Amino acid sequence: MSGAVYVNGRITSKQEAMISVYDHGFLYGDGVFEGIRVYDGRIFKLEEHLDRLYASARGIMLEIPLDRTDLRRAIIETVRASGLRDAYIRPVISRGPGDLGIDPRKCAHPTVVIIVDAIQLYPREAYERGLRMITATVRRPSPDALNGRVKSLNYLNNILARIEANQAGVEEALMLTGDGVVCECSADNIFIVTRGEVWTPASHLSLLQGITRDTVLGLARDLGMPALEKIFTLYDVYAASECFLTGTGAEVAPVVEVDGRKIGDGRPGPMTGRLIAAFRDLARRTGTPVYAEEAPQRR
Ligand code: PXG
């Protein structure tokens with residue numbers, strides 16, 4: 001079987017998994033989600049992803065109907081049912097089925113879905129030659145709207161930015177705040193290297209506080225690189241010596257061109273290279289084992 005899906009307590013194949021069209025996750029994007037990787041049978045940063053999922057749910061006053069222990073167990077069991085050793089896990093908690101109005105009081109039972117499937121990655125050569133990126137015209141919503149730190153089912157701003165990247169024929173789109181400050185990309189956080197320092201936008205800017213971002217800030221410090229959360233503009237990106245993206249899907253991915261301008265010498269930078277290696281090493285060494293109690297011959 002390739003992939004498995006948990007829906008409200010039952011694990012099925014991906015073809016059989018179904019929810020109601022009255023689910024407010026579908027009708028209104030009323031819900032939260034996570035994206036988690038499994039590397040060689042171990043779930044990377046599971047506790048950090050659970051922390052963020054419960055925090056996102058609190059941010060929209062959605063009560064996840066499973067406690068942390070039960071949700072953790074459901075995630076591990078769904079990965080095990082998939083039989084996959086390298087996978088992507090997508091927990092989704094929605095307000096659940098209600099009526100056609102937006103009122104969440106009509107939704108008595110939140111829906112809990114956990115999808116485990118193979119992951120789509122940037123091609124290998126993208127890491128060797130580096131990614132190209134444009135700045136999207138669509139801005140990040142202000143933090144006094146739905147805060148970007150909530151990983152919610154409302155991704156339309158990000159999707160509009162991604163459409164701009166597609167139309168420009170590049171891999172990612174950089175998004176600014178309403179004030180024109182560099183914020184994050186459509187599905188990744190951004191970092192720059194400037195005068196030997198590693199900078200990433202500060203998390204109060206209504207950006208998703210990526211788990212890969214936090215991991216890379218820690219790895220940079222471990223490697224003796226000054227790593228700072230800053231407020232900076234597009235000029236700093238254009239003038240940077242290196243640029244890279246972080247995300248569960250992308251891991252650490254070099255960027256060599258932004259808005260048609262070469263970054264540094266137009267090739268993936270040396271500090272980025274060290275961080276890519278350190279991240280891959282960590283991902284392969286750590287994580288919550290899924291198949292621990294199984295006999296080794298079951299792969
Ligand atoms: N910003 C946004 C808006 C995101 O959606 C990140 C930053 C990086 O966060 P993490 O915690 O993953 O380091 C994300 C994460 C996909 C996909 O299928 C998208 C994400 C994660 C995994 C897969 O495009 N977004």
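Remember, it's a predicted structure, so these values are computed and weren't measured experimentally.

(A) Looking closely at the overall build of the protein. Broken down by element type, the protein carries eight helices and 17 strands. Expected size for 299 residues packed as a compact globule is a radius of gyration near 19 Å; at 20 Å, the protein falls within 12% of this value. Projected onto its principal axes, the C-alpha coordinates of the protein cover approximately 50 × 50 × 30 Å. With 299 residues in all, the protein has 51% of them scored as buried. If you take every contact in the protein between residues at least 6 apart in sequence, the share linking residues at least 24 apart comes to 71%. Total accessible area on the protein stands at roughly 14200 Å², and carbon and sulfur atoms take up 53% of it. Seen as two clouds, the 37 positive and the 38 negative side-chain charges of the protein have centres 2 Å apart.

(B) Spotlight on helix α5 (residues 156-168). Compared with an ideal rise of 1.5 Å per residue, which puts 13 residues at 18 Å, α5 spans 18 Å between its outermost C-alpha atoms and is within 8% of the ideal. N158, A161, E164 and A165 are the residues of α5 that are buried. Buried residues of α5, viewed axially, fall in a sector of 115°; they line one side. In α5, the exposed residues that point more than 90 degrees away from the buried face are L156, N166 and Q167.

(C) Broad picture of the packing of aromatic side chains. Within this structure, the stated rule accounts for six aromatic pairs. Look at F33 and Y155: their rings are 5.3 Å apart centre to centre, the planes differ by 70°, and that puts the pair in the edge-to-face class. Taken together, the residues span a long stretch of sequence, with F33 in strand β3 (residues 31-33) and Y155 in the loop between β8 (131-135) and α5 at a distance of 122 residues. A cation sits over an aromatic face here: K230 above W199, 4.4 Å from the ring centre. Directly above the ring of Y238 sits R261, whose terminal nitrogen or CZ lies 4.0 Å from the centroid.

(D) Structural detail: empty space enclosed by the protein. The final tally for this structure, using the stated rule, is one cavity of 30 Å³ or more. By volume, the largest cavity is sized at about 50 Å³. In terms of lining, the largest cavity is formed by R37, Y39, F44, H49, I211, T212, G247, T248 and F279. Within the residue set of the lining of the largest cavity, elements represented by two or more residues are β4 (36-39) and α6 (211-222). The residue makeup of the lining of the largest cavity, split by class, is four nonpolar, four polar and one charged. Two domains each put at least three residues into the lining of the largest cavity: domain 1 (4-117) and domain 2 (124-284).

(E) Region of interest: the pairing of strand β15 (residues 251-258). The buried fraction of β15 amounts to seven of the eight residues, a majority that puts the element mostly inside the structure. The pairing of β8 with β15 spans three bridges and is parallel. Counted as the bridge partner of R132 is E257 from β15. Summarising the sheet, strand β14 (residues 242-247) and β15 pair through five bridges and their orientation is antiparallel. Bridge pairing in β15 places G247 opposite E251. In this structure, the hairpin formed by β14 and β15 is closed by a connection of three residues. Across two bridges, the pairing between β15 and strand β16 (residues 261-262) is antiparallel. Paired with V258 across the strands is R261, a residue of β16.

So, how was this worked out
Residues numbered from 1 in each chain as written. Predicted model: local features only at pLDDT ≥ 70, side-chain atom pairs only at ≥ 80, totals over all residues. Heavy atoms only, no water. Helix = DSSP H or I, 4+ residues; strand = E, 2+ residues; numbered from the N terminus. Rg over C-alpha atoms; globule rule 2.2 N^0.38 Å. Buried < 20%, exposed > 50% of the residue type's maximum accessible area, 1.4 Å probe, protein only. Contact = heavy atoms within 4.5 Å. Areas by Shrake-Rupley, 256 points an atom, 1.4 Å probe, with all protein chains shown as cover. Lys, Arg positive; Asp, Glu negative; His and termini not counted. Charge placed at Lys NZ, Arg CZ, Asp CG, Glu CD. Expected span 1.5 Å × (residues − 1). Arc of directions from axis to C-beta. Phe/Tyr/Trp six-rings, centres within 6.5 Å; stacked < 30°, edge-to-face > 60°. Lys NZ or Arg CZ within 6 Å of the ring centre and 35° of its normal. 1 Å grid on protein atoms, 1.4 Å probe; cavity = no way out; pocket = protein on both sides within 12 Å on 5 of 7 lines; lining within 4 Å. Points joined across faces, edges and corners; volume = space filled by probe spheres on them. Nonpolar A, V, L, I, M, F, W, Y, C, P; charged D, E, K, R; others polar. Domains from an automatic or database assignment. Pairing = 2+ DSSP bridges.

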